[in-house]
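# Descriptive structure summary
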Amino acid sequence: MSSNKVNIKSNSRTVALVKSNMGILLVMLLIGVVLTFLTPNFLTSSNIISVLRQISNNIFLAIGMTLVIILGGIDLSVGSIVAMSGTLTVGFIVTNHIPIGLAIIIGLLLGTLVGLFNGVIISVFKVPAFIVTLATMNIAKGVAYIYSGGRSTRITSEVYSMLGTGYLFGIIPLPVVYMIALIIIFSIILNKTKFGTYVYAVGGNRESARLSGVPIKKVEMLVFTISGFLAAFAGIILSSRMYSGQPKAGDGYEMDAIAACVLGGISMSGGTGSLSGTVIGAIVIGIISNGLNLIGVSSFWQLLVKGLIILIAIIIDSQKARISDTFAKRKKN
Amino acid sequence: MNDRYVLEMKGISKSFGATQALDNINFQLKKGEVHALLGENGAGKSTLIKVLGGVHRPDKGEIYIEDKNVVMNEIEDAQKAGVGIIHQEIVLVPYLSVTENIFLGREILTPLHTRDMKKMNSKAKEMTERLGLDIDVTTKVGTLSIAQQQLVEIVKAISFDIKILVMDEPTSSLSDEEVHKLFEIMEKLKADGVSIIYISHRMEELFAVTNRVTIMRDGTYVGTVETQETNTDELVGMMVGRSLTNYYTRDYNMSNTEVLRVENLTQKGVFEDISFSVREGEILGFSGLVGAGRSEIMQAIFGNEKYSSGTIFLNGKELKFKNSMDAIKNGLALVPEDRKKQGLTLINTVAFNLSLVSLDALKKGGLINNGKKDRMVDKYVKDLNIKTASVESPVSSLSGGNQQKIVLGRWLATNPQVLILDEPTRGVDVGAKAEIYSIINDLAKEGMAIIMVSSELPEIINMCDNVCVVKDGRITGRLTKEEMNQEKIMHYATGGQ
């Protein structure tokens, strides 16, 4: 304990990354091995690409959720923002004949505004994020229903549907490309910028951050704005993949994003966690759904089984300290 | 067997993994005595108390209470055996009244099985009055001062008919006046036949209140001495295992160059008409009772709190800091008084905590550069002798002294001209205190202007060039180092005539 050797350099940071995600990595491996034996189709490149495409939407939201939860908050409004931005953007194009580019910009902007609104209410009026975003969850959903009259709108524009269904080099689905790009950008933001550090500082100890000159309100507003923007983006990509704007879309998506974060080891009390954890968490949820599909489990049973597996995974993950302790003791003896 | 002892702990050993927290500890408590347990942080005092309180089971050893061998498996066992423990942190429910807290979990019931508030209130009143406390037992605990809450804890503890009362650093957040009150209550408890185990880092208190002192070091028993037959040097020597020749390090080297001057700073109802100046190489002390408004004055200067009138000059130029960011940019630094609540992000790493305020200096091409960050962190870990397994360890795993050095390091990394220290050695053990004094002295020697808010008079007297004494938000006295002594400072602090 009391030695003064303090040389953790970048190469061992990777080791630390693996170590801190050990529990969930084991869970992922376990599920992967089980599925490989149960179904020959699991470990094929086409299935892997399909899993990646399926999880991309959850990851868009989960990236924002990661920032929000590290900040010590929660954002329940993202699922509704998905519905709102998709419905409005498609509606602008089909019903109001607004040019595609402009419609997308307005759609993104409106979702981002909901996020900013969350951030302002939370930081200026000090209302708990849970309550504020519960309200905006209803508001955003309401806007989608009012605008569409509850009906979904088909869109036939090829350019628009390209966004969600196109491929890069003919094999990598565009949503996967966006996903990878966003993961890289936000890893840099979280780990390499002052803003990223401040997110951890505010979530870890708000008072200490304030006394250290961290602009708390700005950080809070920006984090919720980012979450809103990413949800709006997810909504547009989703509507493009579905060739339609549906006010029912995005139902319960906020819970999948939260589940990815929690599986990824992010503490709900804020201040700790990593984006890499969330990504692994989202992959675990993705391969569970995919595996259940491949095995042929009915969609009603899938919900129940998915819930149970998530619960078990979290219990395993929460015991990782004890497990590694036992291993350490065995080694010594 | 000896019936003079109300408690005997024999050969207690306890290990956690590879760490031997307690190694064959012997401890004897006489009936009606106040017995201090002394040792640096990590010496094993808390573990020993937890063994006595039934929180930890010892690997080896036996506990006798009034010559009866007792096994403490659960916290309830300790309560039944007559052991009451008052922890450093207050564990009362803030939204419940004093009475409700005292009787929590063992309420007196009416025949209809509802709570008999009348009976409980009158019993609670009787208990508080017996200790000479003037508290309305129906007030919510959360509205009481920390000192009063602590006294309520004591009332609650003795309401269990205890024989042994353990007090873990009860004075760490009390003013001198409140400490005296606590000592009076301890005398009353002693007279009632309660034996007290007293844990504190403040030497002068041990001499004021204890009969005997048992010293521990690194989980081992060092010795027990009669308080009247020992002195600070001997105790410190036993604690650290070597003699600390220079507890306070101070080379006075104040220059004539004024750095910070504050004139008539006022925030109605909080502080009024505060004027002072601090020069290069000076350590200016701010003494006074807890709650006198010293921290509020410092937070106002630093831009964290508002002030309604007054002016601040830095290097002769009038400035008003809009917020702490602004103050930091202008070369001010403030180490806050409560390192856990205000200073550190406990769950985050040493490196994170050290670098939080100086991220701008670590950037390269807009992004934080790991190489620069590692160099900066390594420098302060080495310069301040911070003992940690790794810079990636969470700060919560470090001792209080090392945590304090990290808060200090965070602010030194901003290269301040003016360093404001609010209670820089609170809850820090003796060895680390001496180290922090030496660091502060080095900073003053390099020409930094330092303001030190402290409730510990020896610290003020031995470190400061000048002192301002604050009472009720006003500076009531100013003393130079030649004029300073405990009596004069206390005179101004309490407003005595």
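None of these values were measured; they are calculated from a predicted model. (Residues numbered from 1 in each chain as written. Chains lettered and ligands numbered in written order. Predicted model: local features only at pLDDT ≥ 70, side-chain atom pairs only at ≥ 80, totals over all residues.)

## Some words on the UniProt feature "transmembrane region" (unreviewed entry) in chain A
Here, UniProt's "transmembrane region" (unreviewed entry) annotation points to residues 21-39, 59-88, 100-121, 127-147, 167-190, 221-238, 258-288 and 294-316 of chain A. Counted over residues 21-39 of chain A, helix gives 89% and strand 0%. Its end C-alpha atoms are 27 Å apart. (UniProt positions renumbered as here; feature names shortened; annotations may be inferred. Helix = DSSP H or I, 4+ residues; strand = E, 2+ residues; numbered from the N terminus.)

## A look at helix H4 (residues 78-94) of chain A
For H4(A), with 17 residues, the first-to-last C-alpha span of 24 Å sits near the 24 Å given by 1.5 Å per residue. Across the 17 residues of H4(A), 16 count as buried, placing the element largely inside the fold. (Expected span 1.5 Å × (residues − 1). Buried ≥ 20, exposed ≤ 12 C-beta atoms within 10 Å, placed from the backbone.)

## As for the domain arrangement of chain B
Residues and elements named next belong to chain B. Its domain assignment divides chain B into domain 1 (5-240) and domain 2 (258-331 + 416-494). Distance between the C-alpha centres of domain 1 and domain 2: 34 Å. At the interface, eleven residues of domain 1 touch eleven residues of domain 2. Listing elements by their share of the side of domain 1 that touches domain 2, those giving two or more residues are helix H6 (176-191) and helix H8 (232-240). Looking at the side of domain 1 that touches domain 2 element by element, the count peaks at three residues for H8. (Domains from an automatic or database assignment. Contact = placed C-beta atoms within 7 Å.)

## Remarks on the confidence of the model for chain A
Residues and elements named next belong to chain A. When pLDDT is averaged along chain A, the result is 87; 90% of the residues meet or exceed 70. Mean pLDDT per element in chain A: helix H15 (residues 320-332) is the minimum at 55, and helix H11 (residues 216-241) is the maximum at 96. Counted against residues more than four places away or in other chains, residues 1-10, with its pLDDT under 50, gives 13 contacts. (pLDDT = per-residue confidence, 0-100.)

## Notes on the packing of H4(A) against helix H12 (residues 253-263) of chain A
All names here are of chain A. Across the interface, H4 lies against H12 with an axial gap of 6 Å and an inter-helix angle of 135 degrees. The orientation of H4 with respect to H12, classified from their angle, is oblique. Contacts from Val78, Gly79 and Val82 of H4 reach H12 at Tyr253, Glu254 and Ala257. A breakdown of the residues in the contact of H4 with H12 according to their chemical character gives four nonpolar, one polar and one charged. (Axes fitted to C-alpha atoms, helices over the stretch in contact; angles between N-to-C directions. Parallel < 35°, antiparallel > 145°, perpendicular 65-115°, else oblique. Nonpolar A, V, L, I, M, F, W, Y, C, P; charged D, E, K, R; others polar.)

## Section: the confidence of the model for chain B
Close reading of the predicted structure is inappropriate where its pLDDT is low. Chain-level pLDDT for chain B is 88 on average; 97% of the residues reach the 70-or-more range. Model confidence for the complex is summarised by a pTM of 0.78, with the ipTM given as 0.79.

## A short note on the environment of B:Ala21
Residues and elements named next belong to chain B. On the secondary structure map, Ala21 appears in strand E2 (residues 19-30). Judged by the 23 C-beta atoms lying within 10 Å of it, Ala21 falls in the buried class. Considered as a pair, Ala21 and Asp218 are 197 residues apart in the sequence and their alpha carbons are 7.4 Å apart. The residues contacting Ala21, other than those within four sequence positions of it, are Lys14, Ser15, Phe16, Gly44, Thr47 and Gly219.

## Describing the sheet that holds strand E22 (residues 474-480) of chain B
Backbone-to-backbone hydrogen bonds join strands into a sheet, with any given pair of strands oriented parallel or antiparallel. Residues and elements named next belong to chain B. Ordered by their spatial adjacency, six strands build an open sheet running E16-E19-E20-E13-E21-E22, and the pairing between neighbours is mixed. Each of the sheet's edge strands pairs with one partner strand only, and the pair in question is strand E16 (332-335) and E22. Going from strand to strand, the sheet's axes swing by 20 degrees on average, the running direction of each strand aside. Here strand E21 (residues 466-471) pairs with E22 via six bridges, running antiparallel. Each bridged residue has a counterpart across the sheet, and for Val467 the counterpart in E22 is Leu479. (Pairing = 2+ DSSP bridges.)

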